[in-house]
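Fold and contact review
Take a look at the letters that make up each chain.
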Amino acid sequence: MSSRTKKNDVFLVPYSDVKTNRSAITKILCVLFVICIVLGLTNLYSASLGAGFFQSQLRNMVVTLSAFFIIGWVIPIKKVGDYSYYLLAVVCILLFIVDVAGKTVGGSQRWIALGPLTFQPSEFAKVTIAIVVARFFSSNQQDTPYTIRDLLPLGGMVGIVFALIYAQPDLGTAGVCLMIAAAQVCFIRIDVRSFRLVLLSAPIAAAIVFQRLLPYQRLRVMNFFSPDYDPSGTGYQSKQSIIAVGNGGAFGKGFAQGTQAHLKFLPERHTDFIFSVFAEEHGFWAGSFVFIIFGILGYMSLVVARQSRDTFGGMLAIGVGALLFIEFAINVSMGMGIFPVVGIPLPFFSFGSSAMLTVCVSVGLLVAISRANSNVNRNI
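Just so it is clear, the model here is predicted, and its values are computed rather than measured.

A tally of regular secondary structure across the chain gives 14 helices and three strands. Expressed as a percentage of the 380 residues in the chain, the buried residues total 48%. Once local pairs closer than 6 in sequence are excluded, the contacts in the chain between residues at least 24 apart make up 73%. Carbon together with sulfur atoms contributes 68% to the accessible area of the chain, which is approximately 17,800 Å² in total.

See the structure below:
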C-alpha cells in the first residue's frame, strides 16, 4: 500500500500523482478574492452613488473579512466537519425563528432583527448545506453505490432546510440549497436504478411545486416565458435590466454614467440587478472579465477538491464551488432575461451583510482545504 493517504472510493474526483504547487493555489484564491471584493465595492459605490448601501457594506467588511481570515487560517478544516451537524441545528433554529417572528421586508419574512443588527439566516443555510453534505458522505462511506434508501437521512436534513426557507417565502434561496446538494451528489456513486427513479420523478415533482407556488412566484415564471405577461411588474424589471445590459455596448458608458441605474429606471440596482449596472457602465468586455473570474474561481474549487486527501475536504470544495457559481449564473441570467427573477444575490457584488459574510466564509473554506492539502503534502 502506498505511503500516500488513499482516496476513499466514495468520491468520484480522481486522485492524481502529478506533483503540483499547492501553496500557489492558496495564493490564486486570495488574488481572485481581492479582485472580486474590489470590483464589487466599486460597482456598489456607483450603484448607490457613494452613499447609503455602499457605506453600510464598507462597515460590514470588517466582520466579513475577519471571517475570511479566521476560517481560512485559524480554524482547522477538520473542526468544521466535526461541528457540522451542530451548525445545521443552529441554522434550523434560526430559520424557525424567522418563520415565527422574523422581520418582514417587501412582503417576505426573511430577517432576524437584534436591535440595530439585522441578518438573514437563509444565506448561512447555503454554506451549511455544503458542509453537512460533505460530512454525511465522509461519515457514511461504503464500497457499493448509494441507493435512495442510503440517502434518505441526507434528504431529510436538506428537506428540512428547504421547507423552512420556502415558508418565508423564499423559493429562490431554497432552490439554491437543493442545487448545491445536488451538485455534490453528482460526485458520488449512485445506484443506476435509483438514478433512473429520480429522473422519472423529477418532472412530476416540478409540476407539484409549480402548482403550490404563490401567485407572485407563478407570475415570475410565466413572465419568464412571456415578458409581456406582466409588463408593469416582473416584466418591467427584466426589460429595464436587459436595456441596461444592451446600453453598455462593447466598452460601456463609463463609471457612474449608467442612465438606467442613475435615472432610477432599473429596480433593485444594488442587489438583484447589480450586474446590469456593471454591464451598462463597463460594457461587454468588462462583463466578460467577470465571467472569466467566476469561471476560474469555479475551476479552482475543482482543483482543490481533486487534491483533497479526504472525502470531507473534496466534497466541501465541490459544494463551495457550486454555491459561488450557481449564484453567479442565476443572478447574471436574471439580469439578461434568461432566468426568472428569484432574488438571488451576485457574490461579492450585491449589497447585504449576510450574503457577503456567506461568500467570505465560503472562499475561506476553500483556502482552509487548500492549506490542509499543502500541509499533508509536506509531511509525505
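Taken in spatial order, the three strands line up as β1-β2-β3 in an open sheet, and their pairing is antiparallel. Every other strand in the sheet has two partners, leaving β1 (103-105) and β3 (117-119) as the edge strands with one partner each. When strand polarity is set aside, the average angle formed by the axes of neighbouring strands in this sheet is 45°. Examined bridge by bridge, β1 and strand β2 (residues 108-114) share three bridges and lie antiparallel to one another. For T104, the partnering residue across the bridge sits in β2 and is Q109.

The relative placement of two aromatic rings is captured by the distance of their centres and the angle of their planes. Taken as a whole and assessed by the stated rule, the structure comprises 21 aromatic pairs. With centroids separated by 6.2 Å and ring planes inclined at 10°, the aromatic side chains of Y45 and F255 adopt a geometry described as stacked. Taken together, the positions of Y45 in helix α1 (residues 22-47) and F255 in the loop between α10 (234-247) and α11 (259-262) put the pair 210 residues apart, joining distant regions of the chain. Looking at F255, the relative accessible area reads 37%, which means it is partly exposed. Chaining the aromatic ring pairs together yields one cluster made of F33, F68, F69, W73, F275, F278, F291, F294, F325, F328, F348 and F349.

Let's shift gears to helix α6 (residues 148-166). Helix length check: α6, at 19 residues, gives a terminal C-alpha distance of 23 Å against a target of 27 Å (1.5 Å per residue), a shortfall beyond 12%. Of all the bends found along α6, the most pronounced is centred on L154 and spans about 35°. Among the residues of α6, those classed as buried are L151, L154, M157, V158, V161, L164 and I165. Here the buried face of α6 lies against α4 (84-101), α5 (121-139) and α7 (171-185).

Interhelical geometry of helix α12 (residues 274-307) versus helix α13 (residues 311-335) gives an angle of 165° and a closest axis separation of 9 Å. Looking at the two axes, α12 sits roughly antiparallel to α13. Viewed along their axes, α12 and α13 form a crossing whose handedness is left-handed. Along its contact with α12, which presents I274, F275, S276, V290, F291, F294, G295, L297, S301, L302, V304 and A305, the element α13 presents G314, A317, I318, G321, L324, F325, F328, N331, V332 and G335. Its residues assigned to classes, the contact of α12 with α13 comprises 15 nonpolar, seven polar and no charged.

At the junction of Q168 and P169, the peptide bond is cis and its omega measures out at -5° in the coordinates. Assignment of secondary structure puts P169 in the loop between α6 and α7. Notably, A256 is not glycine yet its phi reads approximately 65°, a positive angle. Mapped onto the fold, A256 is located in the loop between α10 and α11. Even without glycine at this site, F348 takes up a positive phi of about 75°. Note on placement: F348 falls in the loop between α13 and α14 (353-379).

Another point: the pattern of salt bridges. Scanning all chains against the criterion turns up five salt bridges. Between D82 and K78 there is a salt bridge whose closest N-O contact spans 3.3 Å. Of this pair, D82 and K78 are both found in helix α3 (residues 77-82), four residues apart, which corresponds to roughly one turn of the helix. Note on D82: relative accessible area 34%, which makes it partly exposed. A relative accessible area of 58% means that K78 is categorised as exposed.

Right, let's talk about the confidence of the model for the chain for a bit. In the predicted model, the chain carries a mean pLDDT of 85, and the fraction of residues at 70 or more is 87%. When pLDDT is averaged over each helix and strand of the chain, the minimum, 68, is found for helix α9 (residues 215-225) and the maximum, 96, for α5. Confidence over residues 1-8 falls short of pLDDT 50; this stretch has 15 contacts with residues more than four positions distant or in other chains. Under a pLDDT of 50 for its full length, residues 14-19 has, in the predicted model, seven contacts with residues more than four places off or in other chains.

Here we come to the nonpolar core. In terms of nonpolar packing, the biggest core is built from 91 residues, with F137, V161, L316, F348 and L365 touching the most fellow members. Considering each element in turn, this core owes the most residues, 14 residues, to α13. What L316 contacts, discounting residues up to four positions off in sequence, is I77, A130, I131, A134, Q184, L365 and I369.

Thresholds applied
Residues numbered from 1 in each chain as written. Predicted model: local features only at pLDDT ≥ 70, side-chain atom pairs only at ≥ 80, totals over all residues. Heavy atoms only, no water. Helix = DSSP H or I, 4+ residues; strand = E, 2+ residues; numbered from the N terminus. Buried < 20%, exposed > 50% of the residue type's maximum accessible area, 1.4 Å probe, protein only. Contact = heavy atoms within 4.5 Å. Areas by Shrake-Rupley, 256 points an atom, 1.4 Å probe, with all protein chains shown as cover. Pairing = 2+ DSSP bridges. Axes fitted to C-alpha atoms, helices over the stretch in contact; angles between N-to-C directions. Phe/Tyr/Trp six-rings, centres within 6.5 Å; stacked < 30°, edge-to-face > 60°. Expected span 1.5 Å × (residues − 1). Bend = angle between axes of the 7 residues up to and from the residue. Parallel < 35°, antiparallel > 145°, perpendicular 65-115°, else oblique. Left-handed = near helix turned anticlockwise from the far one by under 90°. Nonpolar A, V, L, I, M, F, W, Y, C, P; charged D, E, K, R; others polar. Salt bridge = Lys/Arg side-chain N within 4 Å of Asp/Glu carboxyl O. pLDDT = per-residue confidence, 0-100. Core = buried A, V, L, I, M, F, W, Y, C linked by side-chain atoms within 4.5 Å.

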